[in-house]
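Residue-level structure breakdown
Chain by chain, the residues:
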Amino acid sequence: MARSSTSSTVTLRDHCVGIARQEAVLREGGGKAGLERQRKLGRLPARERISHLLDKDARFFEIGLWAAYKMYQEWGNIVAAGTVAGIGEVAGVPCMIIANDASVKAGAFFPQTVKKLLRAQRIAFESSLPIIYLVDSAGVFLPLQDEIFPDEDDFGRIFRNNSVISAAGIPQFAAIMGNCVAGGAYLPVLCDKILMTEGSGLYLAGPSLVQAAIGQVVDQEELGGARMHAEVSGTVDFYEKDDLSCLKRLRSLVALLPEAESAKQFKPMKPPRSAKNPEAVYDLVSFDGQKQYDTRDLLASIVDLNSMDEYKADYGKTLVTTYARISGRAVGIVANQRLQVRTKKEGIQMGGVIYSDSADKAARFIMDCNQDGLPIVFFQDVTGFMVGRDAEQSGIIRSGAKLVNAVSNSVVPKITVVVGGSFGAGNYAMCGKAYDPRFIVAWPNARYAVMGAAQAADTVFSILARAQERGDKKSAPEELEQLHAKVKQDYEEQTDIRYGAARGWVDAIIQPHETRENLIRLLQFASRPMPKARFHTGVIQV
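Described in the following lines is the structure provided in the data block.

A few words now on helix H2 (residues 31-40). Among all positions in H2, only Gly-31, Gly-34 and Gln-38 are buried. Down the axis of H2, the buried set is contained in an arc of 45 degrees. They therefore lie on one face. Exposed and oriented more than 90 degrees from the buried face of H2 are Lys-32, Ala-33 and Lys-40.

The buried fraction of strand E2 (residues 83-90) amounts to 8 of the 8 residues, a majority that puts the element mostly inside the structure. In E2, alternate side chains face the same way, and those of Thr-83, Ala-85, Ile-87 and Glu-89 on one face and Val-84, Gly-86, Gly-88 and Val-90 on the other are all buried. Here strand E1 (residues 61-63) pairs with E2 via 3 bridges, running antiparallel. What sits directly across from Ile-63, in E2, is Ala-85. Note that E2 and strand E3 (residues 93-100) share 8 bridges and pair antiparallel. Looking across to E3, one finds that Gly-86 is bridged to Ile-97. The loop that links E2 with its antiparallel partner E3 comprises 2 residues; one of these, Ala-91, has a positive phi angle of about 55 degrees.

When you tally the buried positions in strand E17 (residues 414-423), you get 10 out of 10 residues, the bulk of the element. Across 6 bridges, strand E15 (residues 376-382) lies against E17 in parallel orientation. Bridge pairing links Gln-380 to Val-418 in E17. Where E17 lies against strand E18 (residues 439-442), 4 bridges are found, and the strand directions are parallel. When the bridges of E18 are listed, Thr-416 appears paired with Ile-440. Handedness of the crossover is the feature at issue here: the chain leaves E17, passes through helix H17 (residues 424-429), returns alongside E18, and the resulting connection is right-handed. Pairing of E17 with strand E19 (residues 447-449) involves 3 bridges; the strand directions are parallel. Residue Ser-422 lies in a different strand from E19, and its bridge partner there is Tyr-448.

Turning our attention to the pattern of salt bridges. Throughout the structure, instances matching the rule amount to 26 salt bridges. Through salt bridges with shared partners, one network takes in Arg-43, Arg-49, Asp-136 and Asp-243.

Ranked by internal contacts, the top residues of the largest apolar core, which has 93 residues, are Met-96, Tyr-133, Ile-158, Ile-333, Phe-379, Phe-439 and Trp-443. In terms of residues, this core owes the most to one element, helix H4 (residues 111-126), which gives 6 residues. Excluding anything up to four places from it in sequence, Tyr-133 contacts Ile-98, Leu-117, Gln-121, Asn-162, Gln-172, Phe-173, Ala-174, Ala-175, Leu-187 and Cys-191.

Turning our eyes to something else, we now look at a negative patch on the surface. Side chains of Glu-198, Asp-219, Glu-221, Glu-222 and Asp-242 sit close together on the surface and give a patch of like negative charge. With respect to the helices and strands, Asp-242 occurs in the loop between strand E8 (238-240) and helix H10 (243-254). With relative accessibility at 32%, the residue Asp-242 sits in the partly exposed group.

The subject of this paragraph is H10. With 12 residues, H10 should reach 16 Å at 1.5 Å per residue; the first-to-last C-alpha distance of 17 Å fits that figure. Among the residues making up H10, those that are buried are Asp-243, Cys-246, Leu-247, Leu-250, Leu-253 and Val-254. Looking down the long axis of H10, one finds its buried residues gathered within 120 degrees of arc, a one-sided arrangement. For H10, the N-terminal cap is Asp-242; the gap from its side-chain oxygen to the backbone nitrogen of Leu-244 is 3.3 Å.

Before going further, it helps to spend a moment on the packing of H4 against helix H5 (residues 155-167). Helix-helix packing is described using two parameters, namely the angle between the two axes and the distance between the axes. Where H4 contacts H5, the axes come no closer than 9 Å and their chain directions differ by 15 degrees. Looking at the two axes, H4 sits roughly parallel to H5. In terms of crossing hand, the pair formed by H4 and H5 is left-handed. Across the interface between the two elements, Val-114, Leu-117, Leu-118, Gln-121 and Phe-125 from H4 touch Phe-155, Arg-157, Ile-158, Asn-161, Asn-162, Val-164 and Ile-165 from H5. In terms of residue class, the contact of H4 with H5 is made up of 8 nonpolar, 3 polar and 1 charged.

The tally for this structure, following the rule as stated, stands at 15 aromatic pairs. Look at Tyr-72 and Phe-110: their rings are 5.2 Å apart centre to centre, the planes differ by 45 degrees, and that puts the pair in the tilted class. Here the residue Tyr-72 occupies a position in the loop between E1 and E2, and Phe-110 occupies one in the loop between E3 and H4, the gap between them amounting to 38 residues. When its relative accessible area of 7% is taken as the criterion, Tyr-72 is described as buried. Here Tyr-311 and Tyr-323 contribute two aromatic rings whose centre-to-centre distance is 6.2 Å and whose plane-to-plane angle is 85 degrees, an arrangement assigned as edge-to-face. In this pair, Tyr-311 sits in strand E9 (residues 309-311) while Tyr-323 sits in strand E10 (residues 319-326), placing the two residues 12 residues apart along the sequence. Connected via pairs of aromatic rings, a cluster forms that spans Tyr-72, Trp-75, Phe-110 and Phe-141. Cation over ring: Arg-13 sits above Tyr-282, and NZ or CZ is 4.2 Å from the ring centre.

Parameters and conventions
Residues numbered from 1 in each chain as written. Predicted model: local features only at pLDDT ≥ 70, side-chain atom pairs only at ≥ 80, totals over all residues. Heavy atoms only, no water. Buried < 20%, exposed > 50% of the residue type's maximum accessible area, 1.4 Å probe, protein only. Helix = DSSP H or I, 4+ residues; strand = E, 2+ residues; numbered from the N terminus. Arc of directions from axis to C-beta. Pairing = 2+ DSSP bridges. Right-handed = clockwise from strand over helix to strand, strands pointing away. Salt bridge = Lys/Arg side-chain N within 4 Å of Asp/Glu carboxyl O. Core = buried A, V, L, I, M, F, W, Y, C linked by side-chain atoms within 4.5 Å. Contact = heavy atoms within 4.5 Å. Patch = residues over 30% accessible without salt bridge, like charges linked within 9 Å, V, L, I, M, F, W, Y side chains within 5 Å. Areas by Shrake-Rupley, 256 points an atom, 1.4 Å probe, with all protein chains shown as cover. Lys, Arg positive; Asp, Glu negative; His and termini not counted. Charge placed at Lys NZ, Arg CZ, Asp CG, Glu CD. Expected span 1.5 Å × (residues − 1). Polar contact = N/O pair within 3.5 Å; in protein donor to acceptor, adjacent residues only side chain to side chain. Axes fitted to C-alpha atoms, helices over the stretch in contact; angles between N-to-C directions. Parallel < 35°, antiparallel > 145°, perpendicular 65-115°, else oblique. Left-handed = near helix turned anticlockwise from the far one by under 90°. Nonpolar A, V, L, I, M, F, W, Y, C, P; charged D, E, K, R; others polar. Phe/Tyr/Trp six-rings, centres within 6.5 Å; stacked < 30°, edge-to-face > 60°. Lys NZ or Arg CZ within 6 Å of the ring centre and 35° of its normal.

Laid out in structure tokens, this is it:
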């Protein structure tokens, strides 16, 4: 994952093509053997289930495809954390779909699986999206149970979310299409409607554990089979013969929602076009992030033609703040300017750096967007806040705090697109993951870290070198050089966006030329009204 020394010769387009190829491999799940095992059981692979569920020609915005990438290599290749999640239309209704991929470790839950599922639930809750769970999981991956079971953002939070989502009036459908065991059995039973296919199993403890715990010998069907739950326990609402009949039933149930009726009446209008061809971004931005570009040219390939009304265009020039429209939808935009600019007060300012005047301007702009109820799209290509004597005397800390405060308290939907660097506190001020963006996506060339690899290595080296000058003889010069190289290599690996995507720091890696297309859909989802909380319970099974 480390960038090679020849990265400057790699074009952005070449790198993006390479990422697209890798994603195609990730979508193969557990590979040929895992998919064949699923078919031998008479079950469809997770992605085939989703394709049957979605409307014809519906697009699927996938979340967390890179989850767990290279994270659990001692246990094998845990592709996409063993779960497929994303948003697509079912009977005309945009739904969050979460499907266990049993071709990957029998769909067992790893720590990143939980994190991915919680993120999907949060997006669905904040966007009032119905959720469809396609359940086929062996449960918690026991060797890592201490990282999955007990904490506030671990396994139990899933079921807490099921309850809160139901109480908010957001429909949840669960289809048990394989194994659903132990604590995971609570997920479908906390949903509004439960479907179960013949040959599937739903129980708190499997036959072997039951025999070990209480000495009772019982087969899987009698213990927790679909017919037993349909005829005896009454837990299952719909007994289905196989995957296809189950998915057909799911579509029928979603079609009963009032929104499905509204979707039938909707006639899409021809969307406006952008000023520049979306492919133009490849001529603007370089893979290594060293090339300067005017962010207004970047925005011209994304927003509607002649729709930009730039706010305080001649002040705080290292941030561009503008009102615009994306496929007719009004938005506010905050974007890092990557050109070197000149100001009357401070002279030359470096592109990609946030100065006091830029921070003040952006904070005020965010307040205005909240006053008008406009969603905000952040375009990150930031090296951080300005440092040094002049910056400190200008009140950079105070101005930066003002911007962070405005972003933190913003209540309108926020979407973040990382188009280049996302370093230090600049990540925070430009609505990084910690600041609740409804969606956060990144280009394949994006880089994420507290600082760049070269700066981090030089900082560590200079600290240790000074210590050596003061008499600390613990490290020889050659050891310092080795440490410098090691720190730089580690940072290069960790700043690669695939590293961040594996850990859920971004929801998806998107192709640059598809940014406008993706934002049109994400704004559609993000602009749905959030449910208002009040104390009552949702659907409780009887």
